[in-house]
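One letter stands for each residue in the lines below.
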Amino acid sequence: QVQLVESGGGLVQAGGSLRLSCVASGRTFSYYVMAWFRRAPGKEREFVAAITRSGGSTFYADSVKGRFTISRDNARNTVYLQMNSLKPEDTAVYYCAATELLQPPRTRGGYGYWGQGTQVTVSS
């Protein structure tokens, strides 16, 4: 099993940047495909980005492509989400997730491990 703890959320103005971090503990970090999801007020949790075990491939939702970058440091057991050009519609609770599947799913059901979430608020 793996435990996940997110950090880095906060309040930022539109056009600004934030970097989220998710530290994993437990089983070997490089064993897991990692992803970020988010849940905006009144909406379902949605896929944001994912990264393969080695970090060699990344995947993004269309809504964040070109603005967000997911990366990982297996030596530090950490996955990151760099968020640039933030928009008010990016306001949400952001969750880190892990899966033992080889390819990153884009649905929440594909992930068995979740962090507690970190709030990101983008003001206009």
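Rules used throughout
Positions within a chain are numbered from 1, following the residues in the order the chain's sequence is written. Since the coordinates come from a predicted model, pLDDT governs what is reported: local features require at least 70, and pairs of side-chain atoms require 80 or more to be given and counted, while whole-chain, interface and lining totals use all residues. In computing side-chain values, all of the structure's heavy atoms are included and hydrogens and water are not. Defined by distance alone, a disulfide is two cysteine sulfur atoms within 2.5 Å. Here a helix means four or more residues in a row that DSSP labels H or I, a strand means two or more in a row labelled E, and each is numbered from the N terminus. Summary of the burial criterion: residues with accessible area below 20% of their type's maximum are buried, those above 50% are exposed, and those between are partly exposed, where the area comes from a 1.4 Å probe applied to protein chains only.

Q: Please clarify how the state of the cysteines should be interpreted in this entry.
A: When the sulfur atoms of two cysteines share a covalent bond, that bond is a disulfide. For the structure shown, the criterion picks out 1 disulfide. The disulfide partner of Cys 22 is Cys 96, and the S-S distance across this bridge is 2.1 Å. The disulfide joining Cys 22 to Cys 96 has a torsion of about -75° about its S-S bond and is therefore left-handed. Of the two residues, Cys 22 sits in strand β3 (residues 18-26) while Cys 96 sits in strand β9 (residues 92-99), which places them 74 residues apart along the sequence. For the pair Cys 22 and Cys 96, a shared accessibility class is recorded, and that class is buried.

Q: Looking at this structure, how should I read unusual backbone geometry?
A: The general pattern is negative phi for most residues beyond glycine and trans for most peptide bonds. Positioned with a positive phi, Asn 77 is a non-glycine residue whose angle comes to about 55°. Topologically, Asn 77 is positioned in the loop between β7 (68-73) and β8 (78-83). Positive phi, close to 50°, is recorded for Ser 85, a residue that is not glycine. Owing to a relative accessible area of 40%, Ser 85 belongs among the partly exposed residues under this scheme.

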